[in-house]
Amino acid sequence: MRALIQDNGFKLQSYDARNIPDDILLRWKCAVNSQSRKSYYHDYEYFKSYLDNLKKKKTPLEIFAASIDSRLFFLTPMNRVVRWFGCIPLHGLELPCHDHVPLCDIPVLDNYSKVDTLKMLIDYVSSKYKGKWDYLCFSCVAEESNLMEALRGTSLRLKSAFKTESCSYFDCSRDFQYAVAGTSSHFRRDLNRKSRRLFNSGHVDVRFERNMPGLLDAYKRFLKLEASGWKGAHGTVSAIGLHKELRDFYEQLMHIYGEKDSCIISLMSLDGRDIAGQFCIISGETVYVKKIGYDQEFKHLSPGNLLLKSLIEWCCNDEQLKYVNLITTQPWVQPWKPKTQDVYKVYLFKRTFPWIWILFIEKTKKLIKKHILKKQV
């Protein structure tokens, strides 16, 4: 552990992510609860789930925490990595990101400058690592986040941002018609027609489980449902249930947020058979849909879309909830015409050479991806 104390009394320290002192953990939770802009990916519990199950053991991970008068007001986890570009090593610090951790941010208290805290982090990294760092990388950062506010205000010349994804969401602060106002009349008619066909096929049940032991049973049913389709053993093999680390990650999230009444597993069934499911986390005023699954045998009835409709209606009827966030933007979401928020990967560089080199690599990757998508169309 090493501390950097500036003239204004701010103190920044770094800790091994697996050995964080208890007082820092307590202050982490206090800092998150004191923000007006809250998201589940600010939580220590969410970070610990990632650390316990998804984090590669070989990569050193540090927690940078800034405080004044013993009050924590900013912290961020960063992986220490070495990226090889040909025979050239580039030493970096990167915000942890994973396919199952698609959004990241750092908690910063409202009355502290996001820009100043980022400058403090850069000063600390420069002091601690001296010549042993070339860049900082912040991936999976949403447009409306503490990090993007800080990065937009930073005057560093060697800075590059790349849009990597879009995040779809519905505004449920009014009624259902307002939330889905972007949809076409054709899509709404088609969805209503499929809904009638489904309800005429047998007994349809939609459940939103939030409490134990129902939540645990719903989780097992959701895993089975997700693995039954194209994500299963005969498809992309990406289903949660086929990978121990993913099963453990989501089960840990279910227990952590279930205890706070903030985990929802929704299931739609037809005559007792599950045909669509969602794994969701509630954070602040938002329901985040982390994972979805559906029975492909009923694809012609769009059970996933019908369950999403039920979730949006449920959210509109709850005065404490204002948004349904799908986290990513997949082709099946497009007919809903949801509101979107861009997601970025941002680099800050110490020297010009790494900046030019990574800029070239990222732009090349973007052109290749664009070319592949064009060929698929």
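Conventions used here
- Residues numbered from 1 in each chain as written.
- Predicted model: local features only at pLDDT ≥ 70, side-chain atom pairs only at ≥ 80, totals over all residues.
- Heavy atoms only, no water.
- Helix = DSSP H or I, 4+ residues; strand = E, 2+ residues; numbered from the N terminus.
- Buried < 20%, exposed > 50% of the residue type's maximum accessible area, 1.4 Å probe, protein only.
- Contact = heavy atoms within 4.5 Å.
- Areas by Shrake-Rupley, 256 points an atom, 1.4 Å probe, with all protein chains shown as cover.
- Lys, Arg positive; Asp, Glu negative; His and termini not counted.
- Charge placed at Lys NZ, Arg CZ, Asp CG, Glu CD.
- Polar contact = N/O pair within 3.5 Å; in protein donor to acceptor, adjacent residues only side chain to side chain.
- Pairing = 2+ DSSP bridges.
- Salt bridge = Lys/Arg side-chain N within 4 Å of Asp/Glu carboxyl O.
- Phe/Tyr/Trp six-rings, centres within 6.5 Å; stacked < 30°, edge-to-face > 60°.
- Lys NZ or Arg CZ within 6 Å of the ring centre and 35° of its normal.
- Axes fitted to C-alpha atoms, helices over the stretch in contact; angles between N-to-C directions.
- Parallel < 35°, antiparallel > 145°, perpendicular 65-115°, else oblique.
- Core = buried A, V, L, I, M, F, W, Y, C linked by side-chain atoms within 4.5 Å.

**Quick look at the overall build of the protein**
Then, number 1: Summing up its helical and strand segments, the protein has 10 helices and 13 strands in all.
Then, number 2: Taken along the three principal axes of its C-alpha coordinates, the protein extends 70 × 50 × 40 Å.
Then, number 3: Burial status across the protein gives 52% buried among its 377 residues.
Then, number 4: Summarising the internal contacts of the protein: among those between residues at least 6 apart in sequence, 72% fall at separations of at least 24.
Then, number 5: A total accessible area of about 18800 Å² is found for the protein, and carbon and sulfur atoms account for 51% of it.
Then, number 6: Taken as two groups, the 58 positive and 42 negative side-chain charges of the protein have centres that lie 7 Å from each other.

**Some details on unusual backbone geometry**
Then, number 1: In the segment running from Met212 into Pro213, the intervening peptide bond is cis, with an omega of 0°.
Then, number 2: Its location among the elements puts Pro213 in the loop between β8 (204–209) and α7 (214–227).
Then, number 3: Notably, Asp261 is not glycine yet its phi reads approximately 60°, a positive angle.
Then, number 4: In this structure, Asp261 sits in the loop between α8 (244–259) and β9 (263–270).
Then, number 5: Phi at Ile327 takes a positive value of approximately 70°, unusual for a residue other than glycine.

**Concerning the side chain of Asn53**
Then, number 1: In this structure, Asn53 sits in helix α2 (residues 44–53).
Then, number 2: Classification of Asn53 by relative accessible area gives buried; the value is 16%.
Then, number 3: Side-chain polar atoms of Asn53 contact the backbone oxygen of Ser49, separated by 2.9 Å.

**Quick word on the pairing of strand β3 (residues 61–68)**
Then, number 1: Judged by how many residues are buried, β3 sits mostly within the fold: eight of eight residues are covered.
Then, number 2: Because side chains alternate across β3, one face comprises the buried residues Leu61, Ile63, Ala65 and Ser67, and the other comprises Glu62, Phe64, Ala66 and Ile68, equally buried.
Then, number 3: Note that strand β2 (residues 11–16) and β3 share six bridges and pair antiparallel. When the bridges of β3 are listed, Ser14 appears paired with Phe64.
Then, number 4: Summarising the sheet, β3 and strand β4 (residues 71–85) pair through eight bridges and their orientation is antiparallel. If you follow Ile63 over to β4, its bridge partner there is Pro77.
Then, number 5: Here β3 folds back onto β4 in antiparallel fashion, the turn holding two residues, of which Asp69 has a positive phi close to 55°.

**What to know about the pattern of salt bridges**
Then, number 1: With the rule as written, the count across this model stands at 18 salt bridges.
Then, number 2: Close ionic contact of Arg210 with Asp261 constitutes a salt bridge, the shortest N to O distance being 3.5 Å. Pair noted here: Arg210 is in the loop between β8 and α7 and Asp261 is in the loop between α8 and β9, with a separation of 51 residues, a long-range link.
Then, number 3: Note on Asp261: relative accessible area 34%, which makes it partly exposed.

**Structural notes on the packing of aromatic side chains**
Then, number 1: The tally for this structure, following the rule as stated, stands at 21 aromatic pairs.
Then, number 2: On the numbers, 5.4 Å between centres and 80° between planes, the contact of Tyr250 with Phe279 is edge-to-face. Taken together, the positions of Tyr250 in helix α8 and Phe279 in strand β10 (residues 273–283) put the pair 29 residues apart, joining distant regions of the chain. The same class applies to Tyr250 and to Phe279, which are both buried.
Then, number 3: Each residue in the set Tyr40, Tyr41, Tyr46, Tyr219, Phe249, Tyr250, Phe279 and Tyr288 is aromatic and connected to the rest through ring pairs, giving one cluster.
Then, number 4: Of note, Arg174 hangs over the ring of Tyr178, and the distance from its end group to the ring centre comes to 4.2 Å.

**Considerations on the packing of helix α1 (residues 22–33) against α2**
Then, number 1: Following both chains from N to C, one finds α1 and α2 inclined at 125°, their axes separated by 10 Å at the closest point. Looking at the two axes, α1 sits oblique to α2. From α1, Leu25, Trp28 and Lys29 reach across to α2, where they touch Tyr44, Glu45 and Phe47.

**Things to note about the nonpolar core**
Then, number 1: Core analysis: the biggest nonpolar cluster contains 80 residues, and Trp28, Phe47, Phe73, Leu136, Phe138, Ile265 and Phe279 have the highest contact counts within it.
Then, number 2: When sequence neighbours within four positions are dropped, the list of residues in contact with Trp28 reads Ile20, His42, Asp43, Tyr44, Phe47, Ile63, Leu72, Leu75 and Pro107.
Then, number 3: Residues Leu198, Val204, Met268 and Leu307 belong to the second largest nonpolar core, which totals 32 residues.

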